[in-house]
Amino acid sequence: MGPIGIETGNPSASARRIAPDPYLHPSAPIPVQGPGIGNAVRVPLGESGATIFPLILGGAEFGWNVDLESSHQILDTYAELGGNVVHTADRYSGGRSEHIIGQWLHSRGLRDDVVLADRIGGHPDNPGLGSVNLVRAVEAALTRLRTDRIDVLYLDAVADSTAVLEDTLATAEWLVEAGKVRAIGAVGYTAAQLVEARIYASAGFPRITVLDVPFNVLRRHEFDADLRLVAGAQGIAVTPSHALEHGFLSGRHRSREKGSLSYRGAQLAANLNRRGSRTLRALDAVGTQLGVPDAAVAVAWLLAQKLVTAPIVNAYAPEHVEELVKGVGVRLSRSQLSDIARAAE
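Cut-offs used in this document
Residues numbered from 1 in each chain as written. Predicted model: local features only at pLDDT ≥ 70, side-chain atom pairs only at ≥ 80, totals over all residues. Heavy atoms only, no water. Phe/Tyr/Trp six-rings, centres within 6.5 Å; stacked < 30°, edge-to-face > 60°. Buried < 20%, exposed > 50% of the residue type's maximum accessible area, 1.4 Å probe, protein only. Helix = DSSP H or I, 4+ residues; strand = E, 2+ residues; numbered from the N terminus. Pairing = 2+ DSSP bridges. Contact = heavy atoms within 4.5 Å. Axes fitted to C-alpha atoms, helices over the stretch in contact; angles between N-to-C directions. Polar contact = N/O pair within 3.5 Å; in protein donor to acceptor, adjacent residues only side chain to side chain. Salt bridge = Lys/Arg side-chain N within 4 Å of Asp/Glu carboxyl O. pLDDT = per-residue confidence, 0-100. Parallel < 35°, antiparallel > 145°, perpendicular 65-115°, else oblique. Left-handed = near helix turned anticlockwise from the far one by under 90°. Nonpolar A, V, L, I, M, F, W, Y, C, P; charged D, E, K, R; others polar. Right-handed = clockwise from strand over helix to strand, strands pointing away. Core = buried A, V, L, I, M, F, W, Y, C linked by side-chain atoms within 4.5 Å. Expected span 1.5 Å × (residues − 1). Arc of directions from axis to C-beta.

1. Comments concerning the packing of aromatic side chains
So, point 1. Tallying each qualifying case throughout the model produces four aromatic pairs.
So, point 2. The interplanar angle of 70° and the centroid separation of 5.4 Å between the aromatic rings of F215 and F223 together place this pair among those described as edge-to-face.
So, point 3. Look at F215 and you get buried, because its relative accessible area is 0%.
So, point 4. Note on F215 and W301: the rings are 5.8 Å apart at their centroids and 55° apart in plane angle, and the pair reads as tilted. In this pair, F215 sits in the loop between β8 (208-212) and α6 (225-234) while W301 sits in helix α9 (residues 294-303), placing the two residues 86 residues apart along the sequence. Both residues of the pair, F215 and W301, count as buried.
So, point 5. Site record: aromatic cluster; members linked through ring pairs are F215, F223 and W301.

2. Some points on the sheet that holds strand β6 (residues 150-156)
So, point 1. With parallel pairing, eight strands are arranged side by side in an open sheet as β9-β8-β7-β6-β5-β4-β3-β10. With partners counted over all chains shown, the strands left at the sheet margins are β9 (237-238) and β10 (312-313), one partner each.
So, point 2. When strand β4 (residues 85-89) meets strand β5 (residues 115-120), the two strands line up parallel, connected through five bridges. Among the inter-strand pairings, V85 is bridged to a residue of β5, identified as V115.
So, point 3. Its contacts with the sheet put helix α4 (residues 165-177) on β6 and β7 (181-187), and the angle it makes with β7 is roughly 150°.

3. Some words on unusual backbone geometry
So, point 1. Its identity is not glycine, yet R146 carries a phi of approximately 55°, on the positive side.
So, point 2. Looking at the element boundaries, R146 is found in the loop between α3 (131-145) and β6.
So, point 3. A residue is classified by how much of its surface remains accessible, and R146, at 46% relative accessible area, is partly exposed.
So, point 4. Backbone geometry places L307, a non-glycine residue, at a positive phi of 85°.
So, point 5. Tracing the backbone shows L307 in the loop between α9 and β10.

4. Some details on the side chain of H320
So, point 1. Structurally, the position occupied by H320 is in helix α10 (residues 318-326).
So, point 2. Reaching out from H320, the side chain makes a polar contact with the side chain of R252 at a distance of 3.5 Å.
So, point 3. Setting aside anything within four residues of it in sequence, one finds H320 in contact with R252 and A315.

5. As for the pattern of salt bridges
So, point 1. This model, assessed by the stated rule, comprises 13 salt bridges.
So, point 2. Two residues, D151 and R111, come together in a salt bridge whose shortest N-O distance is 3.1 Å. Of this pair, D151 sits in strand β6 while R111 sits in the loop between α2 (96-108) and β5; the two residues are 40 residues apart in sequence, bridging distant segments of the chain. Each member of the pair, D151 as well as R111, carries the same accessibility label: buried.
So, point 3. A salt bridge links E139 to K180; its shortest N-O distance comes to 3.1 Å.

6. Points about the confidence of the model for the protein
So, point 1. Of all residues in the protein, 86% attain a pLDDT of 70 or more, and the chain-wide mean is 89.
So, point 2. Note on residues 1-33: pLDDT is under 50 here. Beyond four places in sequence and across chains, it has 57 contacts.

7. Quick word on the packing of helix α1 (residues 68-80) against α10
A packed helix pair is summarised by two numbers, namely the angle formed by the two axes and the spacing between the axes.
So, point 1. Remark: α1 packs on α10, axes separated minimally by 8 Å, with the N-to-C direction vectors making an angle of 30°. Taken as axis vectors, α1 and α10 run roughly parallel relative to one another. α10 is crossed by α1, and the crossing has right-handed handedness. Counted together, Q73, I74, T77 and Y78 of α1 and P318, V321 and E322 of α10 form the full contact between these two elements.
So, point 2. Grouping the amino acids of the contact of α1 with α10 by side-chain chemistry returns four nonpolar, two polar and one charged.

8. Examining the pairing of β7
So, point 1. Counting buried residues in β7 gives six out of seven residues, a clear majority hidden from the surface.
So, point 2. Summarising the sheet, β6 and β7 pair through six bridges and their orientation is parallel. Bridge pairing links L155 to A186 in β7.
So, point 3. In this view, the connection linking β6 to its parallel neighbour β7 by way of α4 has right-handed handedness.
So, point 4. With four bridges joining them, β7 and β8 adopt parallel strand pairing.

9. So, the nonpolar core
So, point 1. Formed by 99 residues in total, the largest nonpolar core has its most connected members in L153, L332 and I340.
So, point 2. By residue number, the principal contributor to this core is α9, which donates eight residues.
So, point 3. Every residue in contact with L332, bar those within four places of it in the chain, is listed here: V286, L290, V297, A300, W301, L337 and I340.

10. What about α3?
Side chains that are three or four residues apart share a direction in an α-helix, a result of its 3.6 residues per turn.
So, point 1. Counted at 1.5 Å a residue, the expected span for α3 with its 15 residues is 21 Å, and the 21 Å between its end C-alpha atoms agrees.
So, point 2. Of the positions making up α3, those classed as buried are L134, A137, V138, A141, L142, R144 and L145. Looking straight down α3, one finds that the buried residues subtend no more than 160° of arc, so they occupy a single side. Turned more than 90 degrees off the buried face of α3, the exposed positions are V132, R136 and T143.
So, point 3. The elements touched by buried residues of α3 are β4, α2, β5, β6 and α4.
So, point 4. One or two residues past the end of α3 sits R146, with phi positive at roughly 55°.

Next comes the structure, spelled out in structure tokens:
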């Protein structure tokens, strides 16, 4: 008897399909086809107008540590599980990440089903948020992504903290009116800048409706009180990046690898201390109680935080996506949240 397949993905989400097995016994279960259960899980992305799965798949590793074929497998798995929002940046692998995602969207015919978020401002060809470079960077990104619009354009103030906010928002207004961008997000903006941006919005400029801030149980200080206050008051959706702290909170890296001098190795090593070990033990304990991996607990912790709409997560393999998505269905108790936060102090 051949294997009994269970297909939980959107039929348009993947080239993989379940063909009837002529050797199946008549009483065998019928393979299931159709949308995955995650397709019913949607939340509003602030006031952007988009409705999304509360876990954003990031493309930071595509074209760098993950090749094209593996990237497409990761994207397929995410879509099959109900995911519908993909995040990238023009600086990731010099634009290679955008190329890979654009090819996937085109080959799968999923452009209208996916909310596409792109962080602009860090590509060496058109750096910064000045008016001319911002327009050129968006045009170049659209070409690499093989699309006519970006659903959420994250303005990257980390790459350019000197641009005049009024000029940047005026350019964003033109991009929105031209149909090249649908909503505006921000990364690296201070609370004061968000207040200033809202003042400009009252004059007709587009509103910043989404905020990316590095945030996880080990980096709570980076989402400071002022930023929280302003984001809450303005109804801005928060999409934390570094949800797994460069993979450390997945629990896969618990000791220093000999001879590892890589950039990623250095990032992981920064948390290989008593505080990091305590945090992983807390995630282990909660994960054992709930029957889910550490990565899912880390995602669930973020989703339990006020103002967080959807964390941005990166994956190296399809099975990592499956682990992360489990976090969407986990509800941590107050005592579990407290235990994890206390361990990370």
